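What the coordinates show
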Amino acid sequence: MATTVNSEQGSSVNRRGFLNFLLGITGLGWLASILYPVLKYLNPPELPEANISSLKVGKVDDIPYNSGQIIKFGRTPVLLIRDSEGTFKALHGVCTHLDCIVQYKPDKELVWCACHGGSYDTDGNNLSGPPPRPLEKFAVNIRDGELYVAKGEA
Amino acid sequence: MSNIGTKIYGWLDERYDLTALVEFGKKKTVPIHRESVWYYFGGLSLFLFMVQVMSGVLLLLYYRPGADQAYESVKFIVTNVEFGWLVRAIHSWSANLMIFAAFIHMFSVYFTKAYRKPRELTWITGMIMFFLAMGFGFSGYLLPWNELAFFATKVGTDIVGVVPGIGEFLMKVLRGGDDVTGATLSRFFGFHIALLPAIFSAFLGLHLMLVQKLGMSTPIEYEKADNSNLKTMPFFPNFMLRDALLWLIVLNVLAILAVFFPFGIGPLHWPLGLKADPFAPAPAGIQPEWYFMFMFQTLKMIPGKVLFIEGELLGIFAFGAAGLAWTLVPFWDKKSARGEKNKLINILGIAAIAFIILMTAIGWL
């Protein structure tokens, strides 16, 4: 008699265990069906970027010697430098350290980032401070007295 | 009048057994000893949080999120809206004072080892609220959409991106894209006024419940001494009135600061400045709020590469590990749990404070 009761209890525990297992699986599936779209929703979609390969900046003569300016190359800030000898250089304007926008320091003839004091030479090589990599170069072309900045090195 | 009060009490008591609550409140006591002064800082943080909620709701009446409206609406608040400057000043000052009070609360609990068994979870919930408070500070800083905020957010979110594996994803989720844009502002606004307050309130409720359940902690040396000698005072009304007095004093201090220094003083300042421009070079003097300064300064001082690891990655991991160890202190400080003195904890705590003060000072100089 006692054994029957035990085996009955055992089977009911097994059935309960099995049902709990099924319930757990269903619960996980249910959770996943909520979490998956939420995680996907959190990740912002890629915005189509106008694919600019070249940008007309303006007349060469309008840009002073030993100066720098940020130009909008699509959504990318580009630092256009004219050094004290009149040579044009264009660099990706975003510091390789932590994403701040760099500027040209005419007094030191250097590229400088105000956020953490990193500096680069006018060819984009990181000189001092925290920047781990050089700034990417952009090509500068002059046609008919007009200045163009383009992707890739000249 | 009192008759109506008694009737309402009776009505509620019949249904919800208020008398049990009142009895519980009568039994609530606060230990009196040389360290008692630290008991006030938790309540003070709570008071300042309530000020934040109220002033925040007021700011919401005029604030408009979005890259083309946020800066203008904050400018409108401080220039056109009557007492708008005051509400913004109160919100900013109270935010800073709240973090400061929470810092003191945290360190006093740390040094008196009030986190030891059985209050481990009280400490953990407190630490979670501390990190959430920093999240409030970080997300709120961007909302005026000015130059300083823009670059501080660029740097702060870029740091997240350095974490291997999930960093890129996290950074994109925080920014709402690859760069800090109006999409970031929308998200931070949502974090600041909905997500963080909801999570914070849950932990605050839990924290306060645990404090009620376990009562005030007594420092080890007083606990070990003959317990019958330890003096206590009733919470109602003695301690509550002291709390209320302190809150009143702090409210006055807050009012004085907000009226005389609506845009802050010294390194503690929040001028509106220029509107954020994603195509302008970062201005000199970019700095985060003072409670992030020590981390910011440390990252600034670590070279680009340490051996072959990127410097910032190393810094982030060091801070992450230190923060985790600090949060889990009740679980590895076995000595305090047994009621023994643990000098190592004091040394680590003093080192942490010294490091924070030193780095903050270097950052400000």
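Residues numbered from 1 in each chain as written. Chains lettered and ligands numbered in written order. Predicted model: local features only at pLDDT ≥ 70, side-chain atom pairs only at ≥ 80, totals over all residues. Heavy atoms only, no water.

**Looking at the overall build of chain B**
Within chain B, the regular secondary structure consists of 16 helices and 6 strands. Its C-alpha atoms give chain B a radius of gyration of 23 Å, near enough to 21 Å, the size a compact globule of 365 residues would have. For chain B, the C-alpha atoms occupy an extent of roughly 65 × 60 × 40 Å along the three principal directions. With 365 residues in all, chain B has 45% of them scored as buried. Summarising the internal contacts of chain B: among those between residues at least 6 apart in sequence, 75% fall at separations of at least 24. Carbon and sulfur atoms make up 72% of the accessible area of chain B, which amounts to about 19100 Å² in all. (Helix = DSSP H or I, 4+ residues; strand = E, 2+ residues; numbered from the N terminus. Rg over C-alpha atoms; globule rule 2.2 N^0.38 Å. Buried < 20%, exposed > 50% of the residue type's maximum accessible area, 1.4 Å probe, protein only. Contact = heavy atoms within 4.5 Å. Areas by Shrake-Rupley, 256 points an atom, 1.4 Å probe, with all protein chains shown as cover.)

**Details of the layout of surface pockets**
The rolling of a water-molecule-sized probe over the atoms marks out the regions of remaining empty space. Residues and elements named next belong to chain B. One number sums up the size of the second largest pocket: a volume of about 1100 Å³. For the second largest pocket, the lining is made up of 48 residues, of which Gly 42, Gly 43, His 105, His 207 and Val 211 are closest to its centre. Elements supplying a minimum of two residues to the lining of the second largest pocket: α3 (40-60), α5 (84-111), α6 (120-142), α9 (182-214) and α11 (235-260). The greatest single-element share of the lining of the second largest pocket, amounting to 8 residues, is contributed by α9. Class assignment of the residues belonging to the lining of the second largest pocket gives a composition of 30 nonpolar, 14 polar and 4 charged. (1 Å grid on protein atoms, 1.4 Å probe; cavity = no way out; pocket = protein on both sides within 12 Å on 5 of 7 lines; lining within 4 Å. Points joined across faces, edges and corners; volume = space filled by probe spheres on them. Nonpolar A, V, L, I, M, F, W, Y, C, P; charged D, E, K, R; others polar.)

**Description of empty space enclosed by the protein**
All names here are of chain B. Counting across every chain of the model gives 2 cavities of 30 Å³ or more. Reported here for the largest cavity is a volume of approximately 130 Å³. Around the largest cavity, the lining is made up of 13 residues, and of these Tyr 141, Pro 267, His 269, Pro 288 and Glu 289 lie nearest the centre. Classifying every residue of the lining of the largest cavity by side-chain character gives 8 nonpolar, 4 polar and 1 charged.

**Focus on the pattern of salt bridges**
Within this structure, the stated rule accounts for 12 salt bridges over all chains. As a salt-bridge pair, A:Glu46 and B:Lys172 come within 2.7 Å of each other at their nearest N and O atoms. Residue A:Glu46 is located in the loop between α1 (2-42) and β1 (54-59), and its partner B:Lys172 is located in helix α8 (residues 167-175); the two belong to separate chains. With relative accessibility at 14%, the residue B:Lys172 sits in the buried group. For B:Arg175, the salt bridge identified is with B:Asp158, shortest N-O distance 3.7 Å. Taken together, the positions of B:Arg175 in helix α8 and B:Asp158 in helix α7 (residues 147-161) put the pair 17 residues apart, joining distant regions of the chain. Summarising the burial analysis for this pair, B:Arg175 and B:Asp158 share the class buried. (Salt bridge = Lys/Arg side-chain N within 4 Å of Asp/Glu carboxyl O.)

**A few points about α9(B)**
Residue and element names in this part refer to chain B. Look at α9: 46 Å from first C-alpha to last across 33 residues, which is about the 48 Å you get at 1.5 Å a residue. At Phe 191, α9 is deflected by roughly 45°, the largest bend along its length. For α9, the complete set of buried residues consists of Thr 184, Leu 185, Phe 188, Phe 189, His 192, Leu 196, Phe 200, Leu 204, His 207 and Leu 210. Here the buried face of α9 lies against α3, α4 (70-79), α5, α6, α7 and α8. Looking one or two places after α9, you find Gly 215, whose phi comes out positive at around 75°. (Expected span 1.5 Å × (residues − 1). Bend = angle between axes of the 7 residues up to and from the residue.)

**Thoughts on the sheet that holds strand β5 (residues 103-105) of chain A**
On the basis of which strands lie adjacent, the open sheet formed by 4 strands has the order β5-β6-β7-β8 (chain A) and antiparallel pairing. Where the open sheet ends on each side, the last strands, each with one partner, are β5 and β8 (126-128) of chain A. (Pairing = 2+ DSSP bridges.)

**Section: the environment of B:Ala337**
Residues and elements named next belong to chain B. Examined against the element boundaries, Ala 337 turns out to sit in helix α15 (residues 334-337). Judged by relative accessible area, Ala 337 falls into the partly exposed class, the value being 36%. Taking the C-alpha atoms as reference points, Ala 337 and Tyr 115, 222 residues apart in sequence, are found 8.7 Å from one another.

**Some points on the pairing of strand β9 (residues 137-143) of chain A**
Residue and element names in this part refer to chain A. The pairing of strand β4 (residues 88-92) with β9 spans 2 bridges and is antiparallel. Among the inter-strand pairings, Ala 90 is bridged to a residue of β9, identified as Phe 138. The hairpin formed by β9 and strand β10 (residues 146-150) contains 2 residues between the paired strands, and Asp 144 there has a positive phi angle of roughly 50°.

**Some thoughts on the domain arrangement of chain A**
Domain annotation for chain A reports domain 1 (1-45) and domain 2 (54-150). Using only C-alpha atoms to locate each centre, domain 1 of chain A and domain 2 of chain A end up separated by 60 Å. (Domains from an automatic or database assignment.)

**Observations regarding a negative patch on the surface**
A cluster of acidic side chains, namely A:Glu49, B:Glu168, B:Asp178 and B:Asp179, defines a negative patch on the protein surface. For B:Asp179, a relative accessible area of 30% puts it in the partly exposed group. (Patch = residues over 30% accessible without salt bridge, like charges linked within 9 Å, V, L, I, M, F, W, Y side chains within 5 Å. Lys, Arg positive; Asp, Glu negative; His and termini not counted. Charge placed at Lys NZ, Arg CZ, Asp CG, Glu CD.)

**Points about a nonpolar patch on the surface**
Judged by side-chain polarity, A:Leu28, A:Trp30, A:Leu31, A:Ile34, A:Leu35, A:Val38, A:Leu39, A:Leu42, B:Ile166, B:Phe169 and B:Leu170 come together as a nonpolar surface patch covering roughly 1000 Å² of accessible area. Mapped onto the nonpolar patch, the elements with two or more residues apiece are α1 of chain A together with α8 of chain B. A per-element tally of the nonpolar patch places α1(A) first, with 8 residues. Looking at where B:Leu170 falls in the secondary structure, it is placed in helix α8.

**As for the nonpolar core**
Soluble globular proteins tend to bury their nonpolar side chains together. If you look at the biggest cluster of nonpolar residues, it comprises 47 residues, and the most contacted ones within it are A:Val102, A:Val111, A:Cys115, B:Tyr63, B:Trp145 and B:Phe151. Broken down by secondary-structure element, the contributors of at least two residues to this core are β3 (76-82) of chain A together with α4, α6, α7, α9 and α13 (311-327) of chain B. No other element matches α7(B), which puts 6 residues into this core. For B:Phe151, the residues in contact, after removing those within four places along its chain, are A:Cys100, A:Ile101, A:Cys115, B:Ala280, B:Pro281, B:Ala282, B:Pro283 and B:Ile286. Formed by 46 residues, the second largest nonpolar core is a distinct cluster that contains B:Ile90, B:Trp93, B:Phe130 and B:Phe200. (Core = buried A, V, L, I, M, F, W, Y, C linked by side-chain atoms within 4.5 Å.)

**Observations regarding the state of the cysteines**
Residue and element names in this part refer to chain A. For the structure shown, the criterion picks out 1 disulfide over all chains. Across the disulfide from Cys 100 sits Cys 115; the S-S distance is 2.0 Å. Between Cys 100 and Cys 115, the S-S dihedral sits near -85°, and the bridge is therefore left-handed. You can see Cys 100 sitting in the loop between β4 and β5 and its partner Cys 115 sitting in the loop between β6 (110-112) and β7 (119-120), a full 15 residues away along the chain. A residue is classified by how much of its surface remains accessible, and Cys 100, at 1% relative accessible area, is buried. Cysteine Cys 95 shares no disulfide, and the gap to the nearest cysteine sulfur, in Cys 113, comes to 3.9 Å. (Disulfide = S-S within 2.5 Å.)

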